[in-house]
Amino acid sequence: MTGRGGHRGRFITLEGGEGVGKSTQLALLAGALRARGFEVVETREPGGTPGAEAIRALLLSGEADRWNPQAEALLFAAARSDHVARVIRPALERGAWVVCDRYVDSNRAYQSGASGLADEDMMALHRIGSAGLMPDRTFLLTLPVDQAQTRAGARDAGLPDRFGARGRDFHEKVAGAFAGYAAREPERFRVIDTGAGKEEVHASILAALADLMP
Ligand SMILES: Nc1ncnc2c1ncn2[C@@H]1O[C@H](COP(=O)(O)OP(=O)(O)O)[C@@H](O)[C@H]1O
Ligand SMILES: Cc1cn([C@H]2C[C@H](O)[C@@H](COP(=O)(O)OP(=O)(O)O)O2)c(=O)[nH]c1=O
């Protein structure tokens, strides 16, 4: 999509399990892109619009079994549909860069890879809800599950949400599913280990965006 001045907006997503460093890296990346003079829209899923934030509250609070996996998948796709239509597409059309904390690959990894639904069904929901809009680049941030849980535990002061509260096996399945998608789509994905310091990880992410810079 080409904005005014001929600059094409880019759509970047950060994916990975809880506590791997997505929000930290999103803020650093947005700052670096702004320093290069781009308009940058920082956003997250589920959420990013009033309607999608309302759905987020339904999804992340309450009992572990509040929703069955099918209902959960539909709610995430509904939140994404509103977010894409009201925020992401308009931003890309005016030539902005959009950096988003989680997107459809989270739907695939959590509701399909770890909860047993079919990946093709998640992609079908994405086609219906969001015309299948895919990112230009997806960073899969990786860290061993126990280290990520330690980081998330320190951040959340021992109060995890409905997903964070699931067991280690669930989070291992999520990580395995993400790795599988990244291996199958090497053009779109870059896998970044976040065991190093924040600035070092940030530098790796910027280097892995060089081919998309105008
Ligand atoms: N490279 C890093 N090294 C050490 N701690 C980090 C690093 N990146 C993030 N953290 C810390 O780990 C916690 C989880 O990071 P966060 O960015 O919130 O993860 P996510 O958004 O993936 O859940 C935060 O307290 C953050 O400050
Ligand atoms: C976007 C999305 C998120 N999720 C889950 C992953 C997270 O556990 C939760 C969002 O919580 P969030 O607090 O944003 O994640 P993090 O702890 O990584 O900062 O929702 C899905 O299961 N499917 C999806 O499509």
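The model shown is predicted, which means the values in this text are computed figures rather than measured ones. (Residues numbered from 1 in each chain as written. Chains lettered and ligands numbered in written order. Predicted model: local features only at pLDDT ≥ 70, side-chain atom pairs only at ≥ 80, totals over all residues. Heavy atoms only, no water.)

(A) Expanded view of the sheet that holds strand E2 (residues 40-44). Strand order in this open sheet of 5 strands is E2-E3-E1-E4-E5, and the pairing throughout is parallel. The open sheet is flanked by E2 and strand E5 (189-193), the only strands paired with a single partner. For this sheet the average axis-to-axis angle between neighbouring strands, irrespective of direction, equals 20 degrees. Note that strand E1 (residues 11-15) and strand E4 (residues 137-142) share 4 bridges and pair parallel. (Pairing = 2+ DSSP bridges. Helix = DSSP H or I, 4+ residues; strand = E, 2+ residues; numbered from the N terminus. Axes fitted to C-alpha atoms, helices over the stretch in contact; angles between N-to-C directions.)

(B) Layout of the packing of aromatic side chains. Inspection of the entire model under this criterion finds 6 aromatic pairs. Between Tyr110 and Phe163 the ring centres are 5.9 Å apart and the planes differ by 85 degrees, which places this aromatic pair in the edge-to-face class. Residue Tyr110 is located in helix H4 (residues 104-113), and its partner Phe163 is located in the loop between helix H6 (145-156) and helix H7 (168-184); the two are separated by 53 residues in the primary sequence. This pair shows no difference in class: Tyr110 is buried, exactly as Phe163 is. Measuring from centroid to centroid gives 6.0 Å for Tyr110 and Phe170, while their planes differ by 55 degrees, and the two rings are tilted. Residue Tyr110 is found in helix H4, and its partner Phe170 is found in helix H7; the two are separated by 60 residues along the sequence. A single burial state applies to Tyr110 and to Phe170, both of which are buried. Ring pairs connect the aromatic residues Phe76, Tyr110, Phe163, Phe170 and Phe178, which therefore count as one cluster. (Phe/Tyr/Trp six-rings, centres within 6.5 Å; stacked < 30°, edge-to-face > 60°. Buried < 20%, exposed > 50% of the residue type's maximum accessible area, 1.4 Å probe, protein only.)

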